[in-house]
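Read off the chains here:
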Amino acid sequence: MEVPLLDLKAQYATIKDEVLAAVSEVLESQRCIGGPKVTELEEKIAAISDCRFAVGASSGTDAILNSLMSLDIGAGDEVITTPFTFFATVGCITRTGAKPIFVDIDAKTFNINPELIESAVTEKTKAIIPVHLFGQMSDMDPIMEIANKHDLAVIEDAAQSITSTYKGRKAGSIGKAGCFSFFPSKNLGGIGDGGMIVTNDEQFYNRLFIMRNHGSKPKYYHKYIGGNFRLDPIQAAALLVKLPHLDEWSEARRRNAANYDKKFSGTIVQTPYISPDCVSIFNQYVIRVPRRDEVMAHLRENKIGCEVYYPIPAHLQECFKYLGHKEGDMPESEKAAKEVIALPVYPELREEQLQYVASKIEEFVG
Ligand SMILES: *Cc1c(COP(=O)(O)O)cnc(C)c1O
């Protein structure tokens, strides 16, 4: 049997005619930048995120970059985040000229450990970027408390957690803004790159809106230096077809996750911990196992897709050497990087495929 980590073709088969029609509609209109599809998607993503406003972005990365630039963050500033994240989070901080300040993760959730944040705050700190990893939101109450106390902006990196909740509140709706990615492997994935920023702050929304078009308002008059951070309407059209399915797809991921949990119970496999405060959308189902690399090789020999998110924590990346970190600085992130494996959890995964994956792991770890 073959089990890919993600099977986008299986999903596409269920919506192909609608996607083709929606893309064709954009092509026929020749409205190739902005337009009604982008606006409609922004309104709908804002609504499902319990936010008043949304601004499309060219990618999840550019959603984060626009957010930081719209906060006027730059050289001399510090931004607190987790080292156990996709590169984009930290890449964007450094691209503004600001310095990333790393705070280690909570071993159970893989998200930033709020207890370690306050001691990282200095007079240079401008913002905190909690990353809602693998589909589960960070522990937002203590994060917001620290942020409010020190007057810091919170930008939620919700690239992997659209519609996920914390104490009933939606990802992106708690901080100053939330950033989503429509990279094809995300729960709501486009047919190319795309992203979005949601916010409840009207003034901030206006700034994000201007910044995504080179900071121009009115046209050709630049009060700010922005970028080309626009979401393209072909992506918006395809995403509008997929959006009505998002909840049922996330539900199917949760069912698969629960099924794995059951199969691994009583084994040495450490299954994901989901806080009682959270509903995860399981963008990834990530386990911890001893002898991780051997387990992965075994899975791949048996044609099972699996991946390590993420093998090198940001503080140990070569490009961030100038920050002066060394191994041991972020022990929980480093340990996680050595122990985690993401397993196939996509909505179309069939019971016999899931059973096959679980059995191949069990037969190896005993
Ligand atoms: C995917 C992702 C991003 C970046 O999104 P892109 O659309 O690929 O630019 C940022 N942060 C996290 C945590 C992600 O998973």
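Everything quoted here is computed from the prediction, not taken from an experiment.

1. Here we look at the side chain of Asn113
Its place among the elements puts Asn113 in the loop between strand E3 (99–102) and strand E4 (125–129). The residues touching Asn113, leaving out its near neighbours within four places in the chain, are Val103, Asp104, Ile105 and Asp106.

2. Quick word on the domain arrangement of the protein
When the domains of the protein are assigned, the result is domain 1 (8–103 + 111–244) and domain 2 (246–365). With both chains or domains summed, domain 1 and domain 2 bury close to 2900 Å², and 62% of this area falls on carbon and sulfur atoms. The tally of links between domain 1 and domain 2 comes to 0 salt bridges. At the boundary of domain 1 with domain 2, the tally comes to 18 residue pairs in polar contact (both at pLDDT 80 or more). Of all the elements in the fold, those that place two or more residues in the side of domain 1 that touches domain 2 are helix H1 (8–29), helix H4 (87–95), E3 and strand E6 (165–166). With 4 residues, the top contributor of residues to the side of domain 1 that touches domain 2 is H4. Residues belonging to the side of domain 1 that touches domain 2 are distributed by class as follows: 19 nonpolar, 13 polar and 4 charged.

3. Description of the sheet that holds strand E7 (residues 169–170)
Here 3 strands make up an open sheet; going across it, the order is E7-E6-E10 and the pairing antiparallel. Two strands lie at the open edges of the sheet, namely E7 and strand E10 (278–279), each paired on one side alone. Relative to E10, E6 is paired through 2 bridges, and the arrangement is antiparallel. Looking across to E10, one finds that Thr165 is bridged to Val279.

4. Comments concerning the pattern of salt bridges
Overall, the coordinates contain 20 salt bridges when judged by the stated rule. Glu339 is the salt-bridge partner of Lys335, the closest N and O atoms lying 3.5 Å from each other. With Lys335 and Glu339 both in helix H10 (residues 331–339) and 4 residues apart, this pair spans about one turn of that helix. Connected via shared salt-bridge partners are Arg288, Lys335 and Glu339.

Rules used in this analysis
Residues numbered from 1 in each chain as written. Predicted model: local features only at pLDDT ≥ 70, side-chain atom pairs only at ≥ 80, totals over all residues. Heavy atoms only, no water. Helix = DSSP H or I, 4+ residues; strand = E, 2+ residues; numbered from the N terminus. Contact = heavy atoms within 4.5 Å. Domains from an automatic or database assignment. Buried area = accessible area lost by both parts, 1.4 Å probe. Salt bridge = Lys/Arg side-chain N within 4 Å of Asp/Glu carboxyl O. Polar contact = N/O pair within 3.5 Å; in protein donor to acceptor, adjacent residues only side chain to side chain. Nonpolar A, V, L, I, M, F, W, Y, C, P; charged D, E, K, R; others polar. Pairing = 2+ DSSP bridges.

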